[in-house]
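# Structural features, examined
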Amino acid sequence: PPDLSPTVSGTDPTCGGGYDCVYPTEASVTFNLYFSESVTGVTADDFSLTTTDGISGAFVTDVRGSIRNYKDYFVTVNTGAGDGKLWLNVIDNDSIQDISLNPLGGVGAGNGNYDTGAFYEIDRNPPAITRISRTDPTPTSAGIVHFTVTFSESMSARDVDANDFTLATTGNISGATVTEVDGTGNIYTVTVNTGTGDGTLRLDVSVSATITDSVGFPLAGLPYSSGETYSIERNAPAVISILRADA
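Residues numbered from 1 in each chain as written. Predicted model: local features only at pLDDT ≥ 70, side-chain atom pairs only at ≥ 80, totals over all residues. Heavy atoms only, no water.

### Examining the packing of aromatic side chains
For the record, the criterion: Ring pairs are drawn from Phe, Tyr and Trp, using the six-membered ring of Trp, whenever the two centres fall within 6.5 Å, and their geometry is named by plane angle: stacked under 30 degrees, edge-to-face over 60, tilted for the rest. Numbering of helices and strands runs from the N terminus, with a helix taken as a DSSP run of H or I at least four residues long and a strand as a DSSP run of E at least two residues long. Working rule: Lys NZ or Arg CZ, within 6 Å of ring centre, within 35 degrees of ring normal, means a charge sits over the ring.
Summed over all chains, the structure comprises 7 aromatic pairs. Summarising the aromatic geometry, the rings of Phe31 and Tyr120 are spaced 5.4 Å apart at their centres and angled 80° between planes, so their arrangement reads as edge-to-face. Highlighted residues: Phe31 in strand β2 (residues 28-35) and Tyr120 in strand β9 (residues 120-122), separated in sequence by 89 residues. A network of ring pairs unites the aromatic residues Phe35, Tyr70 and Tyr73 as a single cluster. Taking the ring centre of Phe119 as reference, the NZ or CZ of Lys85 above it sits at 5.2 Å.

Put into structure tokens, the structure is as follows:
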């Protein structure tokens, strides 16, 4: 059979594509690099990095072959500064060769390039609540009111639910409950049944909230109790009496 030139089979984060990565992201991360066969000549200048969003200053710091074989390599990357996505690319300059001295991708620079691997999600800053604001007018006698909850970044919608919120009331309000949570990205609408009685009503986020961002980074700054307040007034004022001021 012909002696085929080696190729790149894939690259991915050592933490499994981001789902079990440690956050906040550490200063250095490692990619797995897979070749179709054992190769030598793999050095830091055989790689480039693609970044998105605010990442800057990332660079390759170390390249190690597997002790079991030289099909698998571990490439360590300094993540620089900022958050976003980080890809490891292979640059073919014919320095990577198999045992028969066949160069990566065959003779000729560039024909063994690889830039379609899995990315690392770099996230150094935990998400936070930016604001909880009233959606409806106040004062109100309505049985239902809405709050808009704004986060500092996109959140995992499956993690934002009624159990994450509590209600702070004054006066004689009782029976108020969170009935629905709806939204995507970094903005959610929370629907609240105002119960009975008069007073003030505020939506808070409890310290036990399980809200996370898209990579599973937990919400910081809890408990949150700095949101806007509704004034609940169900009973219109009435004249109780009119008395003479003079004898």
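Anyway, onward from the coordinates.
### Things to note about the sheet that holds strand β4 (residues 47-51)
Going by this rule: Strand pairing follows a simple DSSP-based rule, namely that at least 2 bridges must link the two strands. The axes are straight lines fitted to the C-alpha atoms, using for helices just the contacting stretch, and the angles between their N-to-C directions are given from 0 to 180°.
Here 3 strands make up an open sheet; going across it, the order is β4-β7-β9 and the pairing antiparallel. Strands with a single pairing partner mark the edges of an open sheet, and in this sheet they are β4 and β9. Direction aside, the axes of adjacent strands within the sheet are offset by 30° on average. Relative to strand β7 (residues 84-90), β4 runs antiparallel, the two sharing 5 bridges. Residue pairing across strands places Ser48 opposite Asn89, the latter belonging to β7.

### Considering the pattern of salt bridges
Filter applied, for reference: Every case where a carboxyl oxygen of Asp or Glu lies within 4 Å of a side-chain nitrogen of Lys or Arg is listed as a salt bridge. Note on exposure labels: buried denotes an accessible area under 20% of the residue type's maximum, exposed denotes more than 50%, and partly exposed covers the range between, all computed with a 1.4 Å probe on protein chains only.
Following the criterion strictly, the structure yields 6 salt bridges and no others. The salt bridge partner of Glu228 is Arg134, with a shortest N-O separation of 4.0 Å. Of this pair, Glu228 sits in the loop between β15 (199-205) and β16 (229-232) while Arg134 sits in strand β10 (residues 129-134); the two residues are 94 residues apart in sequence, bridging distant segments of the chain. Of the residues examined, Glu228 reaches a relative accessible area of 24% and is grouped as partly exposed.

### Notes on the nonpolar core
Let me state the cut-off plainly: Definition of nonpolar core: a set of buried residues of the types Ala, Val, Leu, Ile, Met, Phe, Trp, Tyr and Cys, connected through side-chain atoms within 4.5 Å. Residues count as neighbours in contact if any of their non-hydrogen atoms are within 4.5 Å of one another.
Within the largest apolar cluster, 27 residues are counted, with the highest numbers of intra-cluster contacts made by Leu33, Phe35, Val42 and Phe47. Looking at this core, the elements with two or more residues in it are β2, β5 (59-65), β6 (72-78), β7 and β9. Among the elements that make up this core, the one with the highest residue count is β2 (4 residues). The residues contacting Phe47, other than those within four sequence positions of it, are Leu33, Val42, Val60, Val63, Val75, Leu88, Asn89, Val90 and Ile91.

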